[in-house]
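Chain by chain, the residues:
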Amino acid sequence: MGETVPEKAKAAIRHGGNLGRARLMFPEAPEPWIDLSTGINPHSYPHSPVPASAFARLPEPDAAEKLRHLAAAHFDAPSARHVALSPGTQMLMPLLAQIAIAHGAKSGAVLSPAYAEHARTARMAGLAVTEVENINAMSAHDYAVVVNPNNPDGRITDRAALLSLAEAMRRKGGLLVVDEAFIETGGAESLADAAGQDALVVLRSFGKFYGMAGVRLGFAIAQPDIAAELEARLGPWAVSGPALHIAMQALADEEWQSSMRLHLAENARRMNAMLEKAGLAIAGGTSLFTLVRDLRTADLFSHLGRHGILVRIFDERPNDMRFGLPGSETEWQRLKEALSSFDYSSKV
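As the structure is a computational prediction, the values presented were derived from the model and not from experiment.

Visitor: Could you give me a rundown of the UniProt feature "domain: Aminotransferase class I/classII large" (unreviewed entry) in the protein, with the residues and numbers involved?
Guide: The feature "domain: Aminotransferase class I/classII large" (unreviewed entry), as given by UniProt, occupies residues 53-333 in the numbering adopted here. Taken as a whole, residues 53-333 contains 41% helix and 21% strand, while its terminal C-alpha atoms sit 41 Å from one another.

Visitor: Residues and numbers for helix H10 (residues 297-306), please.
Guide: When H10 is considered as a whole, its buried residues turn out to be Thr-297, Leu-300, Phe-301, His-303, Leu-304 and Gly-305. Those residues of H10 that are buried are in contact with helix H1 (19-25), strand E11 (309-310), strand E12 (312-314), strand E13 (317-324) and helix H11 (329-340). Two residues or fewer past H10, Gly-308 is found with a positive phi of approximately 75°.

Visitor: Quick one: what's the story with the side chain of His-141, residue by residue and with numbers?
Guide: Inspection of the secondary structure puts His-141 in the loop between strand E4 (128-132) and strand E5 (143-147). Residue classification places His-141 among the buried positions, given a relative accessible area of 12%. Residue contacts for His-141: discarding those within four places in its chain leaves Ser-107, Gly-108, Ala-109, Thr-130, Met-169 and Lys-172.

Visitor: Explain the pattern of salt bridges residue by residue, including any values.
Guide: The final tally for this structure, using the stated rule, is 17 salt bridges. With a closest N to O distance of 2.8 Å, Glu-329 and Arg-270 form a salt bridge. Residue Glu-329 is located in helix H11, and its partner Arg-270 is located in helix H9 (residues 254-277); the two are separated by 59 residues in the primary sequence. We classify Glu-329 as partly exposed; its relative accessible area is 44%.

Visitor: Run through the nonpolar core, naming residues and quoting values.
Guide: By size, the foremost hydrophobic cluster in this structure holds 79 residues, and its most contacted members are Phe-219, Leu-304, Phe-323 and Leu-339. Of all the elements, helix H8 (residues 241-252) adds the most residues to this core, at seven residues. Contacts of Phe-323, omitting those with residues within four sequence positions, involve Leu-36, Met-271, Leu-275, Leu-288, Phe-289, Thr-290, Val-292, Leu-300, Leu-304, Val-311 and Leu-335. One finds Ala-84, Val-110, Val-129 and Leu-234 within the second-largest nonpolar core, a separate group that totals 27 residues.

Visitor: Go over the confidence of the model for the protein with me, naming the residues and quoting the values.
Guide: Averaged over every residue, the pLDDT of the protein is 94; the share at 70 or more is 95%. Predicted confidence for residues 1-13 stays below pLDDT 50, and this span has ten contacts to residues more than four positions away or in other chains.

Visitor: Let's hear about the layout of surface pockets: which residues, and what values?
Guide: Counted as a void, the largest pocket has a volume near 890 Å³. In terms of lining, the largest pocket is formed by 43 residues, of which the most central are His-15, Gly-16, Tyr-115, Arg-312 and Arg-322. Those elements that provide at least two residues to the lining of the largest pocket are H1, E12 and E13. Across the lining of the largest pocket, the residue classes break down as 20 nonpolar, 13 polar and ten charged.

About the thresholds
Counting restarts for each chain, with residues numbered from 1 along the sequence as it is written. Reporting in this predicted model follows two pLDDT cut-offs: at least 70 for local features of residues, and 80 or more for side-chain atom pairs to be given and counted; totals over whole chains, interfaces and linings ignore these cut-offs and use all residues. Excluded from the side-chain calculation are hydrogens and water; included are all heavy atoms of the structure. UniProt positions are given in the numbering used here, feature names are shortened, and annotations may be inferred rather than shown by experiment. For the purposes of this entry, the term helix denotes a DSSP run of H or I that reaches at least four residues, the term strand denotes a run of E that reaches at least two, and both are numbered from the N terminus. Only protein chains enter the accessibility calculation, which uses a 1.4 Å probe; a residue is then buried when its area is under 20% of its type maximum, exposed when over 50%, and partly exposed in between. Whether two residues are in contact is decided by their heavy atoms, any of which lying within 4.5 Å being enough. Any carboxyl oxygen of Asp or Glu within 4 Å of a side-chain nitrogen of Lys or Arg constitutes a salt bridge here. In these notes, a set of buried Ala, Val, Leu, Ile, Met, Phe, Trp, Tyr and Cys residues joined through side-chain atoms within 4.5 Å is what counts as a nonpolar core. You can read pLDDT as the predictor saying how much it trusts each residue, on a scale of 0 to 100. Using a grid of 1 Å spacing that covers the protein atoms alone, one calls a set of points a cavity when a 1.4 Å probe fits there but cannot get out, and a pocket when the set is open and has protein on both sides within 12 Å along at least five of seven lines; lining residues are those with an atom within 4 Å of a point. Grid points are joined across faces, edges and corners, and a volume is the space filled by probe spheres set on the points. Three classes are used: nonpolar for Ala, Val, Leu, Ile, Met, Phe, Trp, Tyr, Cys and Pro, charged for Asp, Glu, Lys and Arg, and polar for all others, with Gly counted as polar.

Structure (structure tokens):
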């Protein structure tokens with residue numbers, strides 16, 4: 001009862017999407033809030049109604065196996081045996097670090113700045129983790145993580161460099177994890193087809209591109225023994241019946257996927273133009289989010305908050321701010337008006 005929480009088991013790092021906290025910070029802000037603090041597509045996949053049986057019954061193993069085959073074909077994985085299903089890729093991060101440790105890993109490296117949960121969960125698992133800015137420094141470690149395209153700056157790591165790192169990991173019995181959560185936004189080349197080798201695991205998210213983060217569904221594409229071990233660690237029925245129903249429709253709907261990629265690209269251009277017009281310097285991004293860098297970030301965050309608009313800021317990089325996409329014309333206009341009314345002469 002009186003024990004302190006171990007350092008490595010500290011609470012998850014603060015992320016976007018916390019409207020409850022935003023309302024406490026800005027109690028006078030107008031409703032409804034506009035949440036631009038995540039990189040989640042605001043235009044969710046229009047799935048058919050979920051049958052009542054998906055909620056009433058345990059998920060059928062046959063349905064999970066069907067989704068594995070569909071995912072393997074969609075992601076260009078070597079086979080369905082190379083695909084592990086998970087209630088979100090977040091759940092896979094500590095498991096992969098644990099597997100790496102079980103195979104002898106002593107230290108890890110994350111290509112940073114990146115999604116901070118990779119470093120946190122690896123440290124929780126017991127790895128000494130270094131955050132590096134050069135991919136060439138990663139081969140000195142036994143466990144490496146690269147987010148591609150990167151969150152929050154959209155940095156792209158080319159396929160040849162990643163395959164070279166995977167080979168370096170293979171030679172020492174290490175593991176390379178490539179997080180492709182934003183791969184559908186274009187620019188980066190997936191490594192899913194190469195994930196049959198022992199040293200490579202590719203993570204794919206469902207919630208980002210399909211705009212359904214609440215469904216909690218993710219995929220690991222890996223050598224079959226690793227895929228099987230991940231699912232064994234997760235236990236039976238890890239993916240819900242509603243998630244299976246929705247994902248099987250969404251992954252098969254190529255027409256919606258193609259149309260949505262074009263729509264997101266158009267919206268990203270609109271966002272970039274709006275931010276540049278406001279005098280903000282764009283530091284990177286994807287078609288689902290834009291990163292800006294400015295000395296006035298703290299003031300702008302508060303200004304937008306008072307207008308009921310939540311964006312993502314970073315404690316460790318105080319000049320950075322990430323904007324997700326508005327979901328309606330009304331939200332676009334509210335953002336435009338809020339940006340226009342900010343005093344950009346302060347703290348230049």
